[in-house]
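Here's the letter readout for the chains.
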Amino acid sequence: MLHRLSLRVLPQLSLAVTEPDIRMRKRIVMFVVGLVAFAAYRVGKLLLPLSDPLILLVFTGVVAAVMSGTSYAVGRRLPMGSLLSAESPRRWVWLLGWTGAVYGMQLALLVLSLLQLGVNYDFLAHPDGPAMMAVIISSTAVSRDAVEIGHLRWRESQGSSFLTFPDGGSLRGLVFRDGRAVLQWALAGFTVCAAGAWLLGAFPAGGTSALLHVLLATLLGGSVALCAYLGGLQAPGSWWDRWRQSRWLELAKFWWWPGLAFAATYFLVLYGFLEFIVQGGDRSAAQFALMAGLTGGLMAVYCYYLGARRSFEDRIHSTVPSSMLRCPFITGLLGKQGGGRAAGPPDSVALPESRHPVVMERVQ
């Protein structure tokens with residue numbers, strides 16, 4: 001779900017995919033995709049045993065991949081025949097495989113977990129309703145993101161350039177350039193969340209309650225995410241210094257979204273995988289601790305990366321003329337140099353001291 005975080009946290013991407021014309025296009029596509037996904041579920045139910053969670057998950061991934069490709073074509077504003085040759089095979093693997101099939105399956109597990117824990121609507125006992133909602137909701141969410149990504153590529157074809165593209169390439173560059181800091185934050189996030197879940201497991205009254213573990217992992221994961229984001233910002237001092245210098249309202253916004261929201265999402269996806277795919281009865285304290293630890297580690301890595309990219313883009317936009325940023329060659333070169341904390345404009349360029357706001361106002 002890194003692409004979703006990038007599309008909403010990084011200002012350059014967020015402003016591009018929330019323009020009025022693309023917002024209307026997204027609403028239409030999501031409505032049509034929802035109808036198509038419903039029809040696909042009805043047909044699939046006749047041909048496949050969708051009451052089996054593994055088969056449902058694979059079916060959802062296939063439908064989501066198809067919806068991702070067609071929705072991307074809408075955002076890219078090219079017919080499918082021309083689109084196939086316009087993108088590289090690697091881009092198609094990422095788009096259909098990762099942001100399509102894998103992302104759709106993750107969202108399906110999220111839906112099933114929410115229905116079971118939130119309203120006691122268990123897929124294993126009543127498969128039809130949860131299965132239908134999992135297919136429809138995951139497909140519409142995947143199509144929304146595919147339209148936005150396609151719109152970014154269309155903007156690039158019209159001469160716009162983006163310092164970060166949400167395909168994970170910049171994250172890989174950050175890991176290579178600043179792997180030690182990334183590993184430290186990952187271990188810190190894993191340890192904090194896993195230890196909290198383990199301590200909760202020591203209490204007989206609530207140690208086996210899945211809902212309590214969801215709440216704890218959400219709170220700890222969201223807090224770790226905020227600290228990691230501040231740690232990724234390239235500003236003088238430590239993350240604690242940036243914490244004290246930031247406004248409380250800005251801190252609260254990031255802590256709420258994406259911090260709490262995505263921490264709960266990742267934990268529920270992991271819980272859904274164990275509950276509906278692995279199964280095996282009641283969850284143990286060790287399993288809850290592992291799920292919480294993985295949630296905290298992932299949130300720490302992703303938000304550290306978001307902080308580094310946000311800081312890098314702020315520095316570039318404050319020192320490089322906009323006319324140069326419109327050149328794809330210059331933007332591509334800067335994007336490659338911006339994978340780590342040490343990256344930035346050339347040393348000969350004086351960097352003014354600037355306050356890094358925690359997060360821009362979230363645009364729906």
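Residues numbered from 1 in each chain as written. Predicted model: local features only at pLDDT ≥ 70, side-chain atom pairs only at ≥ 80, totals over all residues. Heavy atoms only, no water.

**Focus on the overall build of the chain**
- For the chain, the count of helices and strands is 15 helices and 0 strands.
- Intrachain contacts of the chain at a sequence separation of at least 6 include 79% that bridge at least 24 residues. (Helix = DSSP H or I, 4+ residues; strand = E, 2+ residues; numbered from the N terminus. Contact = heavy atoms within 4.5 Å.)

**With respect to the pattern of salt bridges**
- Here the structure, examined in full by the defined rule, presents 15 salt bridges.
- The closest approach of N and O atoms between arginine 77 and aspartate 21, which form a salt bridge, is 3.2 Å. Here arginine 77, found in the loop between helix H4 (53-76) and helix H5 (80-86), pairs with aspartate 21, found in helix H3 (residues 20-47); they are 56 residues apart in sequence, far enough to count as distant.
- Across the pair lysine 26 and glutamate 148 runs a salt bridge whose closest N-O atoms are separated by 2.6 Å. On the criterion of sequence distance, the pair formed by lysine 26 in helix H3 and glutamate 148 in helix H7 (residues 128-157) is long-range, its members being 122 residues apart.
- Residue classification places lysine 26 among the buried positions, given a relative accessible area of 7%.
- Linked by salt bridges that have partners in common, Arg4, Arg8, Lys26, Arg144, Asp145 and Glu148 make up one network. (Salt bridge = Lys/Arg side-chain N within 4 Å of Asp/Glu carboxyl O. Buried < 20%, exposed > 50% of the residue type's maximum accessible area, 1.4 Å probe, protein only.)

**Side note on the packing of helix H1 (residues 2-9) against helix H12 (residues 248-278)**
- Between H1 and H12, whose axes approach to 12 Å, the crossing angle comes to 170°. Between H1 and H12, the interaxial angle falls into the category roughly antiparallel. Counted together, Leu2, Arg4, Leu5, Arg8 and Val9 of H1 and Phe254, Trp257, Pro258, Phe262 and Tyr266 of H12 form the full contact between these two elements.
- Each residue belonging to the contact of H1 with H12 can be placed in one class, and the counts come to 8 nonpolar, no polar and 2 charged. (Axes fitted to C-alpha atoms, helices over the stretch in contact; angles between N-to-C directions. Parallel < 35°, antiparallel > 145°, perpendicular 65-115°, else oblique. Nonpolar A, V, L, I, M, F, W, Y, C, P; charged D, E, K, R; others polar.)

**Focus: unusual backbone geometry**
- Of the consecutive residues tryptophan 257 and proline 258, the connecting peptide bond is found in the cis state with omega at 15°.
- Structurally, proline 258 is set in helix H12.
- Within the chain, asparagine 120 stands out as a residue other than glycine whose phi angle is a positive 60°.
- Position of asparagine 120 relative to the elements: it lies in the loop between helix H6 (89-119) and H7.

**Quick look at the packing of H6 against H12**
- Two numbers describe how H6 lies on H12: the axes approach to 8 Å, and their chain directions differ by 85°. Classified by the interaxial angle, the pair formed by H6 and H12 is roughly perpendicular. Along the contact surface, H6 presents Gln106, Leu109, Leu110, Leu112, Ser113, Leu114, Gln116 and Leu117, while H12 presents Thr265, Leu268, Val269, Tyr271, Gly272, Phe273, Glu275, Phe276 and Ile277.
- Tallied by class, the residues present in the contact of H6 with H12 amount to 11 nonpolar, 5 polar and 1 charged.

**Things to note about a nonpolar patch on the surface**
- Residues Met24, Ile28, Phe31, Val32, Leu35 and Val36 make up a contiguous nonpolar surface patch of roughly 580 Å² in combined accessible area.
- With respect to the helices and strands, the residue isoleucine 28 is situated in helix H3. (Patch = residues over 30% accessible without salt bridge, like charges linked within 9 Å, V, L, I, M, F, W, Y side chains within 5 Å. Areas by Shrake-Rupley, 256 points an atom, 1.4 Å probe, with all protein chains shown as cover.)

**Regarding the packing of aromatic side chains**
- Throughout the structure, instances matching the rule amount to 8 aromatic pairs.
- Their ring planes at 80° and their centres at 6.2 Å tell us that phenylalanine 123 and phenylalanine 276 sit as a pair that is edge-to-face. A residue pair is termed long-range when its members are at least 10 positions apart, and phenylalanine 123 in the loop between H6 and H7 and phenylalanine 276 in helix H12 qualify at 153 residues.
- Ring centres 6.4 Å apart and planes at 50° place the aromatic pair phenylalanine 262 and tyrosine 266 in the tilted group. Placement of the pair is phenylalanine 262 and tyrosine 266 together in helix H12, with a separation of 4 residues, close to one helical turn. Neither residue differs from the other here; phenylalanine 262 and tyrosine 266 are each classed as buried.
- Ring pairs connect the aromatic residues Trp257, Phe262, Tyr266 and Tyr302, which therefore count as one cluster.
- A cation sits over an aromatic face here: arginine 77 above tryptophan 154, 3.8 Å from the ring centre. (Phe/Tyr/Trp six-rings, centres within 6.5 Å; stacked < 30°, edge-to-face > 60°. Lys NZ or Arg CZ within 6 Å of the ring centre and 35° of its normal.)

**Considering the side chain of arginine 76**
- Assignment of secondary structure puts arginine 76 in helix H4.
- Apart from residues no more than four positions distant in its own chain, arginine 76 is found in contact with Leu83, Ala86, Glu87, Gly150, His151, Arg153, Trp154 and Ser157.

**What about the environment of glycine 307?**
- Structurally, glycine 307 can be placed in helix H13 (residues 285-319).
- Residue glycine 307 is classed as buried on the basis of its relative accessible area of 0%.
- Excluding residues within four positions of it along the chain, glycine 307 makes contact with Tyr229, Gly232 and Leu233.

**Things to note about the confidence of the model for the chain**
- Of the residues in the chain, 82% reach a pLDDT of 70 or more, and the chain-wide mean stands at 84.
- In this model, residues 319-334 is a region of pLDDT below 50 whose contacts with residues beyond four sequence positions or in other chains number 23 contacts.
- This stretch, residues 339-364, has a pLDDT under 50; its non-local contacts, to residues over four places away or in other chains, come to 68 contacts. (pLDDT = per-residue confidence, 0-100.)

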